[in-house]
Every structure is written in C-alpha cells, then in structure tokens.
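Letter by letter, the chains look like this.
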Amino acid sequence: MPFVALGLVADLARAVAAQGYAAPTPIQSQAIPLILAGRDLLAAAQTGTGKTAAFTLPLLQRLQLHRNGPLPAGRPRALVLTPTRELAAQIADSVRVHGRHVAPRAALLVGGVSMGPQFDALRRRVDVLVATPGRLLDHLSQKTVSLAGVEILVLDEADRMLDLGFLPAIRRLLALVPERRQTLLFSATFAEPIRQLAGDFLRDPAVIDIAPRNAPADRVEQQVHPVDAEQKTALLSHLLSAGERDATLVFTRTKHGADRLSRQLERDGIRTAALHGNKSQSARTRALDDFKQGRIQVLVATDIAARGLDIVQLPRVVNYELPHVPEDYVHRIGRTGRAGRAGLAISLVSADEVARLRDIQRLLGRQLPSSVVEGFAPNGARPVPAPGGPTARRHPTHRVVPPTGERSILSPPRQPARPEAGAGNASRRRHHPNPPRRVATTGDRA
Ligand code: AMP
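Keep in mind it's a predicted model, so treat the numbers as computed, not measured.

## Things to note about the environment of Pro315
Its location among the elements puts Pro315 in the loop between α13 (303–306) and β12 (316–319). The spacing of Pro315 and Ala342 is 27 residues in sequence and 7.0 Å in space, taken between C-alpha atoms.

## Structural notes on the sheet that holds strand β2 (residues 78–81)
Strand pairing in a sheet is mediated by backbone hydrogen bonds. Such pairs are either parallel or antiparallel. One open sheet holds the 7 strands; their spatial order is β3-β4-β2-β5-β6-β1-β7, and the pairing between them is parallel. At either margin of the open sheet sits one strand with a lone partner, and together these are β3 (106–109) and β7 (206–209). Here the strands of the sheet are splayed against their neighbours by 10 degrees on average, with no regard to which way each runs. Bridge count for strand β1 (residues 41–44) against strand β6 (residues 182–187) is 4 bridges, and the pairing is parallel. By the bridge assignment for β6, Ala43 is matched with Phe186.

## What to know about the pairing of β6
The element β6 is extensively covered by neighbouring structure, given that 6 of its 6 residues are classed as buried. Going residue by residue along β6, you find Gln182, Leu184 and Phe186 tucked away on one face and Thr183, Leu185 and Ser187 tucked away on the opposite face as well. In this structure, strand β5 (residues 152–155) lies alongside β6, joined through 4 bridges in parallel fashion. Each residue of the ladder has a partner; that of Ile152, found in β6, is Gln182.

## Topic: the sheet that holds strand β9 (residues 248–251)
The 6 strands lie next to each other as β8-β13-β12-β9-β11-β10, forming an open sheet whose pairing is parallel. Looking along the sheet, the strands with just one partner apiece sit at the ends: β8 (220–226) and β10 (272–275). Here the average twist between neighbouring strands, direction ignored, is 20 degrees. Both β12 and strand β13 (residues 343–349) contribute to a ladder of 4 bridges, which runs parallel. In the strand pairing of β13, Val317 is matched with Ala345.

## Examining helix α15 (residues 354–364)
Of all the positions in α15, only Arg356, Leu357 and Ile360 are classed as buried. Viewed along the axis of α15, the buried residues span an arc of 100 degrees, placing them on a single side of the element. Turned more than 90 degrees away from the buried face of α15, the exposed residues are Ala355 and Arg362. Of the surrounding secondary structure, the elements contacted by the buried residues of α15 are β8, α14 (326–333) and β13. Just downstream of α15 lies Gly365, where phi reads positive at about 75 degrees.

## As for the confidence of the model for the chain
The predicted model of the chain has a mean per-residue pLDDT of 82, with 80% of residues at 70 or higher. Segment residues 382–446: pLDDT under 50, and 117 contacts once partners within four positions in sequence are set aside and those in other chains are kept.

## Quick notes on the pairing of β5
Side chains Ile152 and Val154 project from β5 onto one buried face, and the interleaved Leu153 and Leu155 project onto a second face that is buried too. Pairing of β2 with β5 involves 4 bridges; the strand directions are parallel. Looking across to β5, one finds that Leu79 is bridged to Leu153.

## Some words on unusual backbone geometry
Residue Ala103 is not a glycine yet carries a positive backbone phi of 50 degrees. In this fold, Ala103 is placed in the loop between α4 (85–98) and β3. Its identity as a non-glycine residue notwithstanding, Lys143 has a phi of 60 degrees, on the positive side. Note that Lys143 resides in the loop between α6 (133–141) and β5. A tally of 8 C-beta atoms within 10 Å means that Lys143 is categorised as exposed.

Basis of the calculations
Residues numbered from 1 in each chain as written. Predicted model: local features only at pLDDT ≥ 70, side-chain atom pairs only at ≥ 80, totals over all residues. Helix = DSSP H or I, 4+ residues; strand = E, 2+ residues; numbered from the N terminus. Pairing = 2+ DSSP bridges. Axes fitted to C-alpha atoms, helices over the stretch in contact; angles between N-to-C directions. Buried ≥ 20, exposed ≤ 12 C-beta atoms within 10 Å, placed from the backbone. Arc of directions from axis to C-beta. Contact = placed C-beta atoms within 7 Å. pLDDT = per-residue confidence, 0-100.

Okay, structure coming up:
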C-alpha cells in the first residue's frame, strides 16, 4: 500500500519516497489515518518499527492543513516529549527530513548543552518543539517558551520516561498545555502506569498494539552464552575479534562498567567508545557519530544512553550484563534487526545472572537458545566438543559448543568442571595473563 493511500498529502509522500521507504510499516499503516482523523492514540510499538515517522508525518500534515495564521515566537503548535537527548535529536531530524517540502520550523530543547542557541531558536516561530522534560521545565521557568498554543502533544517512549522518574515533570507539563488538543502516547509496553497515564490524559484514544506485547522484533536472532563473570571481557574480545568485525553495540549495567570495558577493549586492539550519562553531550554525539560512520567498531553503552538510538545496519548487540529490568532486554535487542534487517543479539550470562535470565525468558514466554563458546565454558559446565552444530553453522565468526541443545542455561550442568583447551583459551591467555578483576555490576546508574 503506498503512503498516499493512507491520506498523506503529496508533499509528504514525496519526502517519504526520497527516504527510500517503499511501503508503510504496520504502525504507520494503522497510526497515520487515525492521527490524520484527529484521534488520540495509545500505541504500543517498539523502536525499530518505524514509529517515529508514524507520528511525525501525520503531525506535519495536520499542522499544514490547520494553519490559523502566524503564531508568536516561542509558542510551538506541536510538542514531542521524549526521554533522552539522542532520541530527541532523531525525532527533530525526522521532522526536518519528512517535512522538507512543507518547511516546518523544529526546535530541540535538551539538557547537557548550553541554553544560548535554544533561546535563539525560541525567539523565532516554532512549529514543532522536541524536548526532554527537564530542560523544557527549565525554559518554562524562565518564560522563554509557552505551551499555550500546543495543538498536538506526543509522549514518546512513555514507559521509559516513567522509568526515569519523569512522571512528576510530565504531569506539570501536561497541566500547561491546552485541554483541547490531540495527544499521542507511544510506549514499548502497556504496563499499568502507562494505562493510568493514558486514562488521565488521553481522550477516547484509539489503541494500537503492533508487536505482541513485550516481544522483540522477529528478525533478531537471540543467543545466550553462559560464561563465568571474570571471563566475560575475554569472551567479548574473542567474539569481537573473530571473523567479520561487525559493528556491535555492547550494553553494560553501569557507567563505570562501560568505561572500564571500553578501555579494556581498546587495549585489546578493538576500536571502541563508551556512551553514558556522565559523558558530555559533545562526547556522546562524537561517540555516536564515530560509531554510525564506522570509525569505531564497538560502542559500549548503558541503557539510558542507548535508549531509542536509531543505528541503521547495526548487525549485532551484546548484553555484556543482563539488565535489571526484563523489559530493557527487549529495548536493547531492538537496536538491531531494525526496519526489516536481520540482527543478532548475544547475551553473556554468568551464574549470578541466572535469575535475571529467567525473568527475561518469562517475559518473552520462551527459553532462549544457549550455547557455550569453546574455551569459555563456565566453571561447572563442561563443553562437549562437537564442532559444526547448528548454532556453530549459523555463527561462523566464532566456534560454539552446542552441548545444551534444548537445554536451558537454567538447567543444572551435566558435568563437573574441567579445564578446557581451544582457541578461546588461547585468546583468554592473550588478553588475561592474570585473572581479570571482576566487573562491578551494581552501584551507579546509567
Ligand atoms: P523508528 O522505529 O522510528 O526508530 O524507525 C526505525 C528505522 O526504520 C529508521 O531508520 C527509519 O528511517 C526506518 N523506517 C521508518 N519507516 C520506514 C518504512 N516505511 N520503510 C523502511 N524503513 C523505514
């Protein structure tokens, strides 16, 4: 079905065609006509489904069609709230790219950068304001922006905004936008607090649930590698160095863990940068840009920094540590397998994370395939050398020992511990002449 069949005007359909989108994605097919009709919307859709264009396109069209003369400076007609700076920047880009023939004026208000250019932007007309909640409240307190002209409000990644403690800020902001407005709420999941938020602030919303709830994109192949915690870095180095040097996004639970791992990988000769909330905005932008341009192979990130990142052609995500919250696993692996491409999500799971893995599998409603990488069998599980098993064929970049078959990592090991030989051990010796320090898994936040 072409985009025009959804009711989009030619100027927008043209911009979409220039992007190379052949047909609307399911969220776009469903959301665009509803938004064009003026409905409030409650949509469950993961990142990677094309949800940004699902709201920017109809939003631009409604602003274009319902123009009531020029608005004063600093009074946006549409407001998009989103949890992170990177996501805000992506949305503002989407507004500019899709709106190239309708020339909307977009402004971006995010923290971590100086307010000066933001003041300048607000001294002009603003059609679409994309903001993180904290920085928007700063501007409101300085009266540099007014929300009294907002006709369309979008809450993007609403579940994550709540996780980050933005609920009070969101409620304050919602009190400042006119009651007569269109509200669109996007969330990866429909957890109870999201339903509550929707109940309080949406008017008779249309409900769309694109992916089965809490399900990762179909095209992401998931793999668990059981490994001792102190061997994770060596195993990761081994996987990253073997075969094709695919771009890889690696998740750690903590900022310090991300820095430490990034330094270690650099020492192993792997071009790496870390991305987390303690980095300056310019360092975050540079790291992301280097990664997108292929100047570094690996980006080590915490959940918060990586939220919503749109990296086209990201073939591989590695969970160096499993997330605290099972839903974050779905978000993390949603960074790969985007827009119809295949992706691989690998989780390195140590014994202390078995409960976390169990929670994730419960959320997904199935067990994840588990295989020991040769040379990295966890203490207590002995690998059965069976080269060429099904998983090994699928991942030519590293040799795995498939002793587990349908067995889960949760099953008790069949064999007592035994030191093993093989490529992995050689690599381990290379990287770790001494046993490496155990990576801290708690303490700081992303
Ligand atoms: P999102 O879920 O909004 O983060 O989008 C994920 C990726 O899908 C982005 O790189 C978009 O450019 C891309 N995308 C969005 N809509 C389409 C489409 N209809 N066809 C192909 N790619 C798309």
